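Residue-level structural notes
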Amino acid sequence: MELAIHYGRLGWFSMQSEPQQKESVGAVSTHEPRRLMQRLVRKALSVTWLGQTVASLCWIASVLSYGISATGDWLQLFAASAWLSANIAALTATEEN
């Protein structure tokens, strides 16, 4: 069984199982883009990814709201931006076993 993510009527993502179709050996999977998107959505909705992304965005907002008046402010902005970039890059990272 394969889990599929569907947009529910209340706007929330819900998990529903779909029967898995057999594919011939050596054939290109027609479900690969859908599986990739499902994996990205699952990862993006995880507590750890959301928490770190929200924290980095809040850090950027705080630096911008207080204003950039010294070198340290620029360093904080670069650090927060690098953290956000790393979180976004982590979504597309492949898991090698």
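Heads up: these notes are all about the structure in this document. (Residues numbered from 1 in each chain as written. Predicted model: local features only at pLDDT ≥ 70, side-chain atom pairs only at ≥ 80, totals over all residues. Heavy atoms only, no water.)

Core analysis: the biggest nonpolar cluster contains five residues, these being I60, V63, L77, A80 and L84. Mapped onto this core, the elements with two or more residues apiece are α2 (47–66) and α3 (71–92). Counting residues per element, this core draws most heavily on α3, which supplies three residues. Contact partners of V63, with chain neighbours within four places excluded, come to I68, D73, Q76 and L77. (Core = buried A, V, L, I, M, F, W, Y, C linked by side-chain atoms within 4.5 Å. Buried < 20%, exposed > 50% of the residue type's maximum accessible area, 1.4 Å probe, protein only. Helix = DSSP H or I, 4+ residues; strand = E, 2+ residues; numbered from the N terminus. Contact = heavy atoms within 4.5 Å.)

Two numbers describe how helix α1 (residues 32–44) lies on α3: the axes approach to 9 Å, and their chain directions differ by 140 degrees. For the element pair α1 / α3, the angle class is oblique. Seen from α1, the contacting residues are R39, L40, K43 and A44; seen from α3, they are A90, L91 and T92. (Axes fitted to C-alpha atoms, helices over the stretch in contact; angles between N-to-C directions. Parallel < 35°, antiparallel > 145°, perpendicular 65-115°, else oblique.)

Right, let's talk about the packing of aromatic side chains for a bit. Aromatic ring pairs are described here by two measures, namely the spacing of the ring centres and the angle between the planes. For the coordinates displayed, the defined rule picks out two aromatic pairs. For the pair W59 and W83, a centre-to-centre distance of 6.0 Å together with 70 degrees between the ring planes defines the contact as edge-to-face. Of this pair, W59 sits in helix α2 while W83 is found in helix α3, placing the two residues 24 residues apart along the sequence. For W83, a relative accessible area of 31% puts it in the partly exposed group. (Phe/Tyr/Trp six-rings, centres within 6.5 Å; stacked < 30°, edge-to-face > 60°.)

Moving on to α3. Taking 1.5 Å of rise per residue, 22 residues should cover 32 Å, and α3 covers 32 Å from first to last C-alpha, within 8% of that figure. Taken together, the buried positions of α3 are D73, L77, A80, L84, N87 and L91. Buried residues along α3 cover an arc of 85 degrees about the axis, so they all sit on one side. Exposed and facing more than 90 degrees away from the buried side of α3 are T71, L75, F78 and T92. On its buried side, α3 packs onto α1 and α2. (Expected span 1.5 Å × (residues − 1). Arc of directions from axis to C-beta.)

Turning our eyes to something else, we now look at the environment of V63. One can find V63 in helix α2. Judged by relative accessible area, which is 6%, V63 ranks as buried.

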